[in-house]
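Spelled out, the chains give:
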Amino acid sequence: MANAASMREEAETIAVKALAFVAADPELLPRFLAITGIEANSIRRAAAEPGFLAGVLQFVLAHEPTLLRFAEETGTPPAAVGKALRALPLGDDAHERST
């Protein structure tokens, strides 16, 4: 079984992939920024804050089509995204899902 440090490192890797996925999408990025209230020029600073990476994963998980597209494009199993969320600071799976 993986230790907590390696689980968190793997979770951070998935979250960074998710952030890159969102940032590269011309429809998702404005939605992410609007929901979070973060300005585009503040993403790097915000990324250093506890809970930011968990928030990125919550954003991806909250919309199943986005989750499935992220999973397909990155080769990340959808279940791994939820597992990664729970391994990050301030991460939990208490978020709404839309269909």
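Residues numbered from 1 in each chain as written. Predicted model: local features only at pLDDT ≥ 70, side-chain atom pairs only at ≥ 80, totals over all residues. Heavy atoms only, no water.

Asker: Could you give me a rundown of the packing of aromatic side chains, with the residues and numbers involved?
Answerer: Evaluated as defined, the whole model comprises three aromatic pairs. Where Phe-21 meets Phe-70, the ring centres are 5.4 Å apart and the plane angle is 65 degrees; that geometry is what we call edge-to-face. Note that Phe-21 is positioned in helix 1 (residues 4-24) and Phe-70 in helix 5 (residues 64-74), a separation of 49 residues in sequence. Considered together, Phe-21 and Phe-70 belong to a single accessibility category, that of buried residues. (Phe/Tyr/Trp six-rings, centres within 6.5 Å; stacked < 30°, edge-to-face > 60°. Helix = DSSP H or I, 4+ residues; strand = E, 2+ residues; numbered from the N terminus. Buried < 20%, exposed > 50% of the residue type's maximum accessible area, 1.4 Å probe, protein only.)

Asker: Explain the packing of helix 1 against helix 4 (residues 52-61) to me, and be specific about the residues and the numbers.
Answerer: To describe two helices that pack against each other, one gives the angle between their axes and the distance between the axes. Packing of helix 1 against helix 4 brings their axes to within 9 Å, and their N-to-C directions diverge by 60 degrees. When the interaxial angle is binned, helix 1 and helix 4 end up oblique. Once helix 1 is placed against helix 4, the crossing between them reads as left-handed. For the pair formed by helix 1 and helix 4, the contact residues are Glu-12, Ile-14, Ala-15, Val-16, Ala-18, Leu-19 and Val-22 on the first element and Phe-52, Leu-53, Val-56, Leu-57, Phe-59 and Val-60 on the second. Residue composition of the contact of helix 1 with helix 4, by class: twelve nonpolar, no polar and one charged. (Axes fitted to C-alpha atoms, helices over the stretch in contact; angles between N-to-C directions. Parallel < 35°, antiparallel > 145°, perpendicular 65-115°, else oblique. Left-handed = near helix turned anticlockwise from the far one by under 90°. Contact = heavy atoms within 4.5 Å. Nonpolar A, V, L, I, M, F, W, Y, C, P; charged D, E, K, R; others polar.)

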